[in-house]
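Observations on the three-dimensional arrangement
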Amino acid sequence: MNKQAEKILSGALDSLQHWKDSFGDWQNDPVLSISEEKTSAVFEDLSERLKCNYPFHHPVYAGQMLKPPHPIAWAAYAMAMSINPNNHALDGGPPSSEMEKEVMAELAQFFGYGNEYLGHLTASGTIANLEALWIARQSHPGKGIAFSENSHYTHERMCGVLGVEAIKIPLMENGHFNLNSVDPTAIGTIVVTLGTTGLGEVEPLEQILPWTKKYGIRIHIDSAYGGFFRTLKDSGIIDGTSWNLMQEADSIVVDPHKHGLQPYGCGAVLFKDPSVGKFYKHDSPYTYFTSEELHLGEISLECSRAGAAAVAFWATLQCFPLKEKEGFGPILAKCRKAAISGYSLMNSSKKLAAYKKPELDILTYFPITDNKTTSYISELSKKVFEAGMRDQTFYLSLFKVPASTFIRLHPEYQADTESVTILRSVLMRPEQAEFVPELVKRIESHL
Ligand SMILES: *Cc1c(COP(=O)(O)O)cnc(C)c1O
């Protein structure tokens, strides 16, 4: 696939070169020239230095939320980037702005918003969430923004940036929000995370919806990580309850640069009510002079945005539609399968135990020890984590949980520390569905 993409890319760049040359003879200014020797030297250096990365592309990498984009995405990105359109304004790149509108229409359809919505791509999930929280503040001035303790850490930070009260909602043992512990009249918007960053947990939208309706509270869904799992909502492979209700929310965030096969620099935000556009009103003296059409820069907090990101995502969606049986569905089903099969292997393992049943594709586990204390589990988890990296046989991540939560789930252990460090694998490569038994064997061999 890499080879194929390289071939297509080089052909595509040639054809673009013809277009570039069609405007008449021109040459780059000599101040921009680099000698061939220098270029080779830099690239030799680069190819060595970049090898100090962990192998994000390979199934042995079962650590954090990281993987390379699909070749179709980087090839399309490189092609568009050679022109470098800016999707701030239509004049900055008419074709890439069109493609952004097309991918947003597909996302809106996918999340159940239909044809009436407002939305655009962003630099990241954090910026997309910031924009959603900003609209939350503008539409419910003076009210706070609520979220659970498992939500992404940037929500609290962004409440600080916006000068909005951040209200933490405690969770109950069954994962439901403890809504009795908060004052609904203080809340303007509640954030519900579908696919938490730590454990990939899906927060109970069905529990929260009736409560928000009763009190006139808005809902923002943070599905930066999980959003693409909506392709599996009716598959029976995941619990589809919350996923099937997404269209009820006022805004939704998803990160194509996480499960959407894109390079970094691609988040997205959608609003159900297009009239929130009124909060963006501003007058930029620099842009908006060529047409009466909607400029995406008019409905975005950010100014410059990479047109190439829209082009890459557009090309990817042509090849991988947002469907259960075709495109993204089968990819996510494989990741889900990897987590389920890892979970069942650990349930029968004598050396590893699952921390919790995975809801998506994030598996958490810990070494089974004779010394049944949280301090010993933490120590052994760190040892295994380091051993895999040292031998280059597997790459995991560490995850801290409160010892009290750990003991509740695993009462045979004793808490002699405040928190316990366990092991975590984000299984976001479809290849890991096949590789998981080997991965578990390799981890066990260090215990
Ligand atoms: C990753 C993530 C974010 C932050 O997104 P970035 O693209 O890393 O800025 C926010 N919320 C959730 C649930 C995430 O998983």
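Residues numbered from 1 in each chain as written. Predicted model: local features only at pLDDT ≥ 70, side-chain atom pairs only at ≥ 80, totals over all residues. Heavy atoms only, no water.

What surrounds the ligand is a group of 14 residues, the closest being Thr 126, Asp 222, Asp 255, His 257 and Lys 258. Here an oxygen atom of the ligand sits 2.8 Å away from a polar atom, N or O, in the main chain of Gly 125. Taken by itself the ligand offers 380 Å² of open surface, and the protein chains cover 88% of this. By residue number, the principal contributor to the shell around the ligand is helix α5 (residues 125-139), which donates three residues. Here the shell around the ligand is composed, by residue class, of two nonpolar, nine polar and three charged. (Near = heavy atom within 4 Å. Polar contact = N/O pair within 3.5 Å; in protein donor to acceptor, adjacent residues only side chain to side chain. Areas by Shrake-Rupley, 256 points an atom, 1.4 Å probe, with all protein chains shown as cover. Helix = DSSP H or I, 4+ residues; strand = E, 2+ residues; numbered from the N terminus. Nonpolar A, V, L, I, M, F, W, Y, C, P; charged D, E, K, R; others polar.)

Attention now goes to the sheet that holds strand β11 (residues 419-426). Strand order across the open sheet formed by four strands is β8-β9-β11-β10, with antiparallel pairing between neighbours. Lying at the two open borders of the sheet, with one neighbouring strand each, are β8 (352-354) and β10 (397-402). When the angles between neighbouring strand axes are averaged without regard to direction, this sheet yields 45 degrees. Note that β8 and strand β9 (residues 362-367) share three bridges and pair antiparallel. Residue pairing in the sheet places Ala 353 in a bridge with Phe 366 of β9. Across the sheet, helix α10 (residues 374-391) is in contact with β9, β10 and β11; its angle to β11 comes to roughly 35 degrees. (Pairing = 2+ DSSP bridges. Axes fitted to C-alpha atoms, helices over the stretch in contact; angles between N-to-C directions. Contact = heavy atoms within 4.5 Å.)

Here the focus is the domain arrangement of the protein chain. Domain annotation for the protein chain reports domain 1 (81-319) and domain 2 (328-444). Computed from C-alpha atoms alone, the centre-to-centre distance between domain 1 and domain 2 is 30 Å. The partner domain 2 presents 19 residues to the 24 residues of domain 1 that form the contact. Buried surface at the junction of domain 1 and domain 2, both sides included, amounts to about 1900 Å², of which 70% is carbon and sulfur. Area buried by domain 1 at its contact with domain 2 is led by Leu 199, Tyr 225 and His 259, which between them contribute 29% of it. (Domains from an automatic or database assignment. Buried area = accessible area lost by both parts, 1.4 Å probe.)

A contiguous nonpolar patch, built from Val 42, Phe 43, Leu 46 and Leu 50 and spanning about 370 Å² of accessible area, is present on the exposed surface. Along the chain, the position of Val 42 falls in helix α2 (residues 36-49). (Patch = residues over 30% accessible without salt bridge, like charges linked within 9 Å, V, L, I, M, F, W, Y side chains within 5 Å. Salt bridge = Lys/Arg side-chain N within 4 Å of Asp/Glu carboxyl O.)

Regular strands place their side chains on alternate faces of the sheet. Burial along strand β3 (residues 166-169) is one-sided: Ile 167 and Ile 169 are buried, while Ala 166 and Lys 168, pointing the other way, are not. With four bridges connecting them, strand β2 (residues 144-148) and β3 associate as parallel partners. Considered in β3, the bridge of Phe 147 is made with Lys 168. (Buried < 20%, exposed > 50% of the residue type's maximum accessible area, 1.4 Å probe, protein only.)

The next point concerns helix α12 (residues 432-444). Two residues of an α-helix separated by three or four positions point the same way, owing to the 3.6 residues in each turn. Compared with an ideal rise of 1.5 Å per residue, which puts 13 residues at 18 Å, α12 spans 17 Å between its outermost C-alpha atoms and is within 8% of the ideal. If you look at α12, its biggest bend is around 25 degrees, right at Glu 438. Turning to α12, its buried residues are Gln 432, Ala 433, Phe 435, Val 436, Leu 439, Val 440 and Ile 443. Packing partners of the buried residues in α12 comprise α9 (328-347), β8, β9, α10 and β11. (Expected span 1.5 Å × (residues − 1). Bend = angle between axes of the 7 residues up to and from the residue.)

Running from amino to carboxyl end, helix α3 (residues 71-81) crosses helix α8 (residues 307-319) at an angle of 145 degrees, the nearest separation of the two axes being 8 Å. α8 is crossed by α3, and the crossing has right-handed handedness. Of the residues in α8, those in contact with Ile 72, Ala 73, Ala 76, Tyr 77, Ala 80 and Met 81 of α3 are Ala 308, Ala 309, Val 311, Ala 312, Ala 315, Thr 316 and Cys 319. (Left-handed = near helix turned anticlockwise from the far one by under 90°.)

With that settled, consider the sheet that holds strand β1 (residues 118-122). Strand order in the open sheet made by the seven strands is β1-β7-β6-β5-β4-β2-β3, with mixed pairing throughout. The strands lining the two open edges of the sheet, one partner per strand, are β1 and β3. For this sheet, the mean inter-axis angle between neighbouring strands, taken without regard to orientation, is 20 degrees. As defined by bridge partners, strand β4 (residues 187-193) adjoins strand β5 (residues 218-223) across five bridges and the pair is classed as parallel. Bridge pairing in β5 links Ile 190 to Ile 219.

When the pLDDT values of the protein chain are averaged, the result is 95; 97% of them are 70 or greater. Every residue in residues 287-291 is under pLDDT 50, and counting partners more than four places away or in other chains gives eleven contacts. (pLDDT = per-residue confidence, 0-100.)

In this section: the nonpolar core. Counting 54 residues, the largest nonpolar core has Leu 107, Ile 190, Ile 219 and Phe 328 as the members making the most contacts within it. Each of domain 1 (81-319) and domain 2 (328-444) contributes no fewer than three residues to this core. Beyond its immediate chain neighbours, meaning those up to four positions away, Ile 219 contacts Thr 189, Ile 190, Val 192, Leu 205, Ile 208, Leu 209, Thr 212, Ala 249, Asp 250 and Ser 251. Core analysis: the next-biggest nonpolar cluster, separate from the first, contains 24 residues, Ala 62, Ala 433, Leu 439 and Val 440 among them. (Core = buried A, V, L, I, M, F, W, Y, C linked by side-chain atoms within 4.5 Å.)

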